[in-house]
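# A look at the structure
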Amino acid sequence: MIKRALICLGMAACLASPIPAEDAVPSVNPNQPPPHTLPFPNLATGENREEARASFALGPQMHRGRSAAEILDQRQRLDAELAQLQPQRPGTVDAYVLTIALDSDPVFAREAREAGRVLARRYDGAGRTLTLAGPDGTRNDLPQGSIDALIVSLAKIAEVMDPEEDVLVMYSTSHGLDLGLAYHYGDTGYGILSPQRFKSVLEELGIERRILILSACYSGVFIPEVASPDTAIMTAAASNRTSFGCEAENDWTFYGDAMINRALRQPQSLGDAARAAGRSVAKWESERRLLASLPQMVIGDGVAEWLSELEARMPQTATEPVGRPANGE
């Protein structure tokens, strides 16, 4: 086997820094998520750097040390949420909204929860919205996000939607790296959702019409794999840039605040919202002299055909942002 330093491929620099074990104090608040106290483990396989890196395309995931009670609880929570998804309405372009926090740092849970509300309102997703988010410091009432939970949820959505007319609206928030989105729950859950794995799942399930909003460092790596004529994809950063605002104590990341909490609350088109969010992020980064994250947007040629019907039903009144602004204003 190759050395750990080689196969980690610089992941530690892109993920949350672990809290030293001697500084990690167990929380008495059941709504407080577990901290990261251990290094992110090696999930690669292979005999050299090229093989190790290529192995991440399969989307590896690992759980360790989870109690039987916790496994059962999470399974029951997810089953209950999936059972509540309403079937599609024939003749109507229905949006199925899925928001997910793939990291236990509570900023992501807070963001995913509010994103579910904002996107459900914007895209008429009542009864067709699913949020996967762990405890956020005040609540712990939803199934946790993980790669497996995401794939199962997508499979259920594919089962109840009509792929010929309905749309997946997905928002994911987490840390990221140039291999994909990082799944990291405390010291028990780890994984990498690669662009290749995500593409293969969507293709297997036949989900072609999709609005994908990915908030993470390096999230632009998904665009070459996932873009298609019927896909609108927006990412928080270019494939070679980090994004900002992911400190655990925040209510929002920079991109989540700009895109979800501000731009998508307004009665404007998806493209205009993405451009407005990009301008806000660029302003905040410039004020702090941060290297620009360069949010990306690619809207396929076939998207306008079905997006126009969704946006025709969009509320024409804005809602106010919530939480502490990511830019500290």
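Residues numbered from 1 in each chain as written. Predicted model: local features only at pLDDT ≥ 70, side-chain atom pairs only at ≥ 80, totals over all residues. Heavy atoms only, no water.

Tallying secondary structure elements over the protein gives ten helices and ten strands in all. In summary, the protein has a C-alpha radius of gyration of 19 Å against a globular reference of 20 Å for 329 residues, a match within 12%. Referenced to the eigenvectors of the C-alpha coordinate spread, the extents of the protein come out at roughly 55 × 45 × 45 Å. Residue burial in the protein is summarised as follows: out of 329 residues, 54% are buried. Residue pairs at least 24 apart in sequence account for 74% of intrachain contacts in the protein once pairs closer than 6 positions are excluded. Summed over its atoms, the accessible surface of the protein is roughly 14,000 Å², and 53% of this surface lies on carbon and sulfur atoms. Averaging the coordinates of the 31 positive side-chain charges in the protein and doing the same for the 43 negative ones gives two points 3 Å apart. (Helix = DSSP H or I, 4+ residues; strand = E, 2+ residues; numbered from the N terminus. Rg over C-alpha atoms; globule rule 2.2 N^0.38 Å. Buried < 20%, exposed > 50% of the residue type's maximum accessible area, 1.4 Å probe, protein only. Contact = heavy atoms within 4.5 Å. Areas by Shrake-Rupley, 256 points an atom, 1.4 Å probe, with all protein chains shown as cover. Lys, Arg positive; Asp, Glu negative; His and termini not counted. Charge placed at Lys NZ, Arg CZ, Asp CG, Glu CD.)

Read from one edge to the other, the open sheet built from four strands follows the order 1-7-6-5, with strand pairing classed as antiparallel. The sheet terminates laterally at strand 1 (61-63) and strand 5 (176-177), the two strands that pair on one side only. By the bridge criterion, three bridges tie strand 1 to strand 7 (residues 189-193) in an arrangement that is antiparallel. Of the residues in strand 7, the one forming a bridge with M62 is Y190. Those strands touched by helix 5 (residues 147-160) are strand 1, strand 6 (180-185) and strand 7, and its axis lies near 55° from that of strand 7. (Pairing = 2+ DSSP bridges. Axes fitted to C-alpha atoms, helices over the stretch in contact; angles between N-to-C directions.)

Read across the open sheet, the six strands follow the order 3-2-4-8-9-10; overall the sheet is mixed. Of all the strands in the sheet, the pair left with one neighbour each is strand 3 (129-132) and strand 10 (296-299). Pairs of neighbouring strands in the sheet enclose a mean axial angle of 5°, with direction left out of account. With six bridges connecting them, strand 4 (residues 167-173) and strand 8 (residues 210-215) associate as parallel partners. Of the residues in strand 8, the one forming a bridge with M170 is L212.

The next thing to look at is the nonpolar core. Membership of the largest hydrophobic core comes to 36 residues, with the highest contact counts inside it found for L154, L168 and F198. Once you skip the residues sitting within four places of it in the chain, L154 turns out to touch L98, L168, F198, V201, L202, L205 and I207. (Core = buried A, V, L, I, M, F, W, Y, C linked by side-chain atoms within 4.5 Å.)

Keep in mind that most residues, glycine aside, have a negative phi and that most peptide bonds are trans. At R289, a residue that is not glycine, the phi angle is positive and equals roughly 55°. Positionally, R289 belongs in the loop between helix 9 (270-287) and strand 10. What makes R289 exposed here is its relative accessible area of 81%.

Another aspect to go through is the side chain of S215. Position of S215 among the secondary structure elements: in strand 8. Residues contacting S215, with those up to four places away along its chain left out, are E111, Y171, S172, T173, S174, A236, T253, Y255 and G256.

Before going further, it helps to examine the environment of L102. Along the polypeptide, L102 turns up in the loop between strand 2 (95-101) and helix 4 (106-122). L102 sits in the buried class, given a relative accessible area of 1%. Residues contacting L102, with those up to four places away along its chain left out, are G145, S146, I147, S172, T173, S174, L181, A182, Y183 and H184.

Let us look at helix 5. Under the 1.5 Å per step criterion, the end-to-end length of helix 5 is 20 Å for 14 residues, consistent within 8% with the ideal 20 Å. Among the residues of helix 5, those classed as buried are I147, A149, L150, I151, S153, L154, I157, A158 and V160. (Expected span 1.5 Å × (residues − 1).)

The subject of this paragraph is the pairing of strand 4. Strand residues, when the strand is regular, have side chains that alternate between the two faces of the sheet. Taken across its seven residues, strand 4 has seven buried, putting it largely inside the fold. Sheet topology note: the strand 2/strand 4 ladder contains seven bridges and is parallel. When the sheet's bridge partners are listed, Y96 is paired in strand 4 with L168.

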